[in-house]
Amino acid sequence: MTYYERHDRAAGVVHRFRFVNDIPLNASNPDVQVNFIEYWEHGDGKLQHFSWVTDLRVNKRNVYRLMQGGRARWKIENETFNTLKNQGYNFEHNYGHGTKNLSVVFAMLMMLAFLVDQTQQLCCALFQAVWAKLGSKRRLWERMRALFYDYAFASMRQLFEALWYGFKKSSPIVTLDSS
């Protein structure tokens, strides 16, 4: 076990590490060797603790960078799951209905929709304009669902144009019986 401490006096933070290389992953897989990092961050009157398992060799020269990468990855994962739970995807719902893998299929479809939405957010100016107009993704998804209930669109572009420019509902044709 190796111990390492690094002080960031400007930020008022103390970084403490404990790491070890080439240990068995667990008792069931003793042949799988991993490297383990444990990290404590002391600063602003609070203490944070994290740990990671990696296949990268750990030493005093790279442990700080590995910690930064681990924390960045956690942040990305956490924000992604937060988006899936709280911005209209309803990821917390238990899709465990059915007898053969239905929950996995629903989760995969949700991830696929998320991928398409992420691509739209980066590449589609019309999507970006509609999102800005409505102010939140949740509101955007709600408006899209509302239009899907009553209308058939030939494309996503047509749907986004309806959200951007407005959508005029046609008046029903009423015939009155004069008898």
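Source: prediction; values computed, not measured. (Residues numbered from 1 in each chain as written. Predicted model: local features only at pLDDT ≥ 70, side-chain atom pairs only at ≥ 80, totals over all residues. Heavy atoms only, no water.)

S.K.: Sorry if this is basic, but what is going on with the sheet that holds strand β4 (residues 46–54) here?
M.R.: In a beta sheet, neighbouring strands pair by backbone hydrogen bonds and run either parallel or antiparallel. Strand order in the open sheet formed by 4 strands is β1-β2-β3-β4, with antiparallel pairing between adjacent strands. Two strands bound the open sheet, and with one partner strand each, they are β1 (2–8) and β4. Neighbour to neighbour, the strand axes of the sheet diverge by 15 degrees on average, direction disregarded. (Pairing = 2+ DSSP bridges. Helix = DSSP H or I, 4+ residues; strand = E, 2+ residues; numbered from the N terminus. Axes fitted to C-alpha atoms, helices over the stretch in contact; angles between N-to-C directions.)

S.K.: Hey, could you run me through the side chain of N21 in this one?
M.R.: Along the polypeptide, N21 turns up in strand β2 (residues 13–24). There is a polar contact of 2.8 Å between the side chain of N21 and the backbone oxygen of V58. When residues no more than four places from it in sequence are discounted, the contact partners of N21 are V34, N35, L56, R57 and V58. (Polar contact = N/O pair within 3.5 Å; in protein donor to acceptor, adjacent residues only side chain to side chain. Contact = heavy atoms within 4.5 Å.)

S.K.: Please explain helix α1 (residues 63–86) as it appears in this structure.
M.R.: Its 24 residues place the ends of α1 34 Å apart at the C-alpha level, agreeing with the 34 Å of an ideal helix rising 1.5 Å per residue. In this structure, the buried side of α1 is in contact with β1, β2, β3 (33–43), β4, α2 (102–123) and α4 (137–150). Just past α1, the residue G88 takes up positive phi, approximately 100 degrees. (Expected span 1.5 Å × (residues − 1).)

S.K.: Looking at this model, I keep getting lost on the side chain of T54. Mind explaining?
M.R.: Locating T54 in the fold gives a position in strand β4. For T54, a relative accessible area of 16% corresponds to the buried category. A distance of 3.0 Å separates a polar side-chain atom of T54 from the backbone nitrogen of L56. Once residues lying within four places of it in the same chain are set aside, the contact partners of T54 are V34, N35 and I37. (Buried < 20%, exposed > 50% of the residue type's maximum accessible area, 1.4 Å probe, protein only.)

S.K.: Explain unusual backbone geometry here, please?
M.R.: Most peptide bonds take the trans configuration, and most residues that are not glycine carry a negative phi. Positioned with a positive phi, D22 is a non-glycine residue whose angle comes to about 60 degrees. Within the element layout of this structure, D22 appears in strand β2. Overall, D22 belongs to the partly exposed group, its relative accessible area being 44%.

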